[in-house]
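Spelled out from the first residue to the last, the chains are:
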Amino acid sequence: MKSISYANLSSQNSSTSSAIISALASDPSFVSLSAHETTATLRRDAEDAAKLQVGIDVAVARGVLPGPNDGFVPEPYSKIDVAGKTPGAVVDEILASMGGVSAAAGKVVVICGLSGTGKGTTCAKLMEALAPNVASWSNGNVFRSVTMLACRWCDVHNGGVFDADKVLTKDNIASFVGMLEFGKFDGKFDIQIRGLGVDALVSSIQNTDLKSPAVSSAIPTVAGATQGEVVLFAGAACVTMGDAGTAVLLEGREETVNYVRSPHRFVLMLSDESLIGKRRAAQRIAAVALANVGEEASQEDVDRAIKGALEGMVAEIQ
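Sequence order as written defines residue numbering, which begins from 1 separately in each chain. At least 70 in pLDDT is required for a residue's local features to be given in this predicted model, at least 80 for side-chain atom pairs to be given and counted, and no such filter applies to totals for whole chains, interfaces and linings, which use all residues. Side-chain metrics rest on all non-hydrogen atoms present in the structure, leaving aside hydrogens and water.

On to helix H14 (residues 299-317). Helix length check: H14, at 19 residues, gives a terminal C-alpha distance of 28 Å against a target of 27 Å (1.5 Å per residue), a fit within 8%. Each residue gets one of three labels from its accessible area relative to the maximum for its type: buried under 20%, exposed over 50%, partly exposed in between, using a 1.4 Å probe on protein chains only. Secondary structure follows DSSP: runs of H or I at least 4 residues long count as helices, runs of E at least 2 residues long count as strands, and numbering of each begins at the N terminus. For H14, the full list of buried residues reads Val 302, Asp 303, Ala 305, Ile 306, Ala 309, Leu 310, Met 313 and Val 314. Down the axis of H14, the sector holding all buried residues measures 165°, keeping them to one side. Expected span, for any helix, means 1.5 Å times one less than how many residues it has. Throughout, the arc means the angular range of directions from the helix axis out to the C-beta atoms.

Each axis is a line fitted through C-alpha atoms, taken for helices only over the stretch in contact, and angles between the N-to-C directions span 0 to 180 degrees. At their nearest, the axes of helix H6 (residues 140-157) and helix H8 (residues 170-178) sit 9 Å apart, and the two run at 120° to each other. With respect to each other, H6 and H8 are oriented oblique. Considering only the axes of H6 and H8, their crossing is right-handed. Counting all contacts with H6, which are made through Val 146, Leu 149, Ala 150 and Trp 153, the residues of H8 involved are Asn 172, Phe 176 and Val 177. Tallied by class, residues from the contact of H6 with H8 come to 6 nonpolar, 1 polar and no charged. Throughout, the term roughly parallel applies to angles under 35 degrees, roughly antiparallel to angles over 145, roughly perpendicular to angles from 65 to 115, and oblique to all others. With the far helix as reference, a near helix turned anticlockwise by less than a right angle produces a left-handed crossing, and one turned clockwise produces a right-handed crossing. Throughout, a residue-residue contact means that at least one pair of heavy atoms, one from each residue, lies within 4.5 Å. The residue classification treats Ala, Val, Leu, Ile, Met, Phe, Trp, Tyr, Cys and Pro as nonpolar and Asp, Glu, Lys and Arg as charged. All others, Gly included, are polar.

The nonpolar side chains of soluble globular proteins are, as a tendency, buried together. Counting residues in hydrophobic clusters, the biggest one holds 47 residues, and the most contacted among them are Trp 137, Phe 176, Leu 180, Ile 191, Ile 193 and Phe 233. Broken down by element, this core gets its largest block of residues, 9 residues, from H6. Not counting the four nearest positions on each side in its chain, Leu 180 is found in contact with Val 142, Ser 145, Val 146, Leu 149, Ile 191, Gln 192, Ile 193 and Phe 233. Nonpolar cores were defined as sets of buried Ala, Val, Leu, Ile, Met, Phe, Trp, Tyr and Cys residues, with membership established by side-chain atoms within 4.5 Å. In terms of nonpolar packing, the next biggest core, distinct from the first, is built from 22 residues, Ile 4, Ile 21, Ala 289 and Val 302 among them.

This part covers the side chain of Gln 192. Following the sequence through the fold, Gln 192 ends up in strand E5 (residues 188-195). Only 2.8 Å separates the side chain of Gln 192 from the side chain of Asp 199, close enough to count as a polar contact. A polar atom in the side chain of Gln 192 sits 3.4 Å from the backbone oxygen of Ala 200. Look past the residues within four positions of Gln 192 in its chain and what remains in contact with it is Met 179, Leu 180, Glu 181, Phe 185, Asp 199, Ala 200 and Leu 201. Polar contact criterion, stated in full: a pair of N or O atoms within 3.5 Å, where within protein one must be able to donate a hydrogen and the other to accept it, and residues adjacent in sequence count only if both atoms are side-chain atoms.

We now examine the pattern of salt bridges. Salt bridges are defined by distance alone: a side-chain nitrogen of Lys or Arg within 4 Å of a carboxyl oxygen of Asp or Glu. Per the stated rule, a full pass over the model turns up 13 salt bridges. With a shortest N-O distance of 3.1 Å, Asp 45 and Arg 253 are connected by a salt bridge. One end of the pair, Asp 45, is in helix H3 (residues 28-61); the other, Arg 253, is in the loop between strand E7 (247-251) and helix H12 (254-257), and 208 residues separate them in sequence. On the accessibility criterion, Asp 45 (5% relative accessible area) is buried. Notably, a salt bridge pairs Arg 194 with Glu 181, separated by 3.8 Å at the nearest N-O pair. Of this pair, Arg 194 sits in strand E5 while Glu 181 sits in strand E4 (residues 180-185); the two residues are 13 residues apart in sequence, bridging distant segments of the chain. Connected via shared salt-bridge partners are Glu 37, Arg 284 and Glu 316.

Right, here's the structure in full:
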């Protein structure tokens with residue numbers, strides 16, 4: 001096995017993963033683990049896509065979102081094969097297609113792709129390239145905000161018992177989303193929640209009220225019923241930020257981001273799907289190995305930790 005330095009291991013980034021993949025490429029155990037990770041990742045992605053599509057179909061049926069019968073056609077995506085490319089090279093390709101950094105101001109950049117294609121890393125690099133006038137958007141806190149309001153409604157109207165059939169009516173969902181306002185507060189983009197006894201900025205409660213046990217328990221159900229409303233809220237928020245001259249990075253699944261209008265849409269893909277599992281396996285091995293060595297570790301200690309992490313993971317799938 002080729003040795004990997006402690007400095008590289010401690011970086012826990014794409015360079016670390018690439019080094020581990022190279023070092024273990026011919027190891028039968030790594031080949032086995034990678035194949036397992038590829039299969040598992042593709043299966044999870046397919047299951048997630050199906051669940052998201054159910055939510056979109058519900059929104060279309062309720063008239064919240066337009067569907068194919070309404071003439072809705074998603075804008076086309078540019079495909080980028082990330083195999084053999086560094087995150088920096090992928091970012092350069094995206095920016096070049098947009099006309100450079102200066103041309104990205106006020107634009108919404110949509111990034112999609114299967115798990116393991118590097119969406120998160122690419123967005124992080126884009127944030128660096130476009131700083132300081134750039135923002136990223138995630139629907140997560142919007143879903144949590146709506147879920148918190150649904151739980152508050154149940155507290156008031158249903159004795160504190162969460163009942164999806166009672167609370168998640170079309171009118172109630174519209175009311176909850178209407179309690180959210182996106183804009184600049186204290187000089188920063190944020191979401192203001194006002195209603196059902198709540199008056200707070202999302203940034204001030206994102207790690208407290210929005211992560212309460214009640215919200216965490218109900219969010220899968222609420223998210224499945226509110227895809228359409230949240231997608232529309234996200235699209236409007238992205239327009240608001242773009243109009244202010246901010247470049248907006250939107251990472252997500254095609255099923256939902258199809259409804260956020262932008263000509264700058266990219267799908268990251270791997271012509272060699274086995275790399276999905278190799279990357280995931282390498283990330284897991286790196287994390288476990290680093291946890292088992294200290295800063296004063298010798299090269300032999302690092303090599304042993306990597307090999308031990310691999311052997312432990314392979315034992316779990318046998």
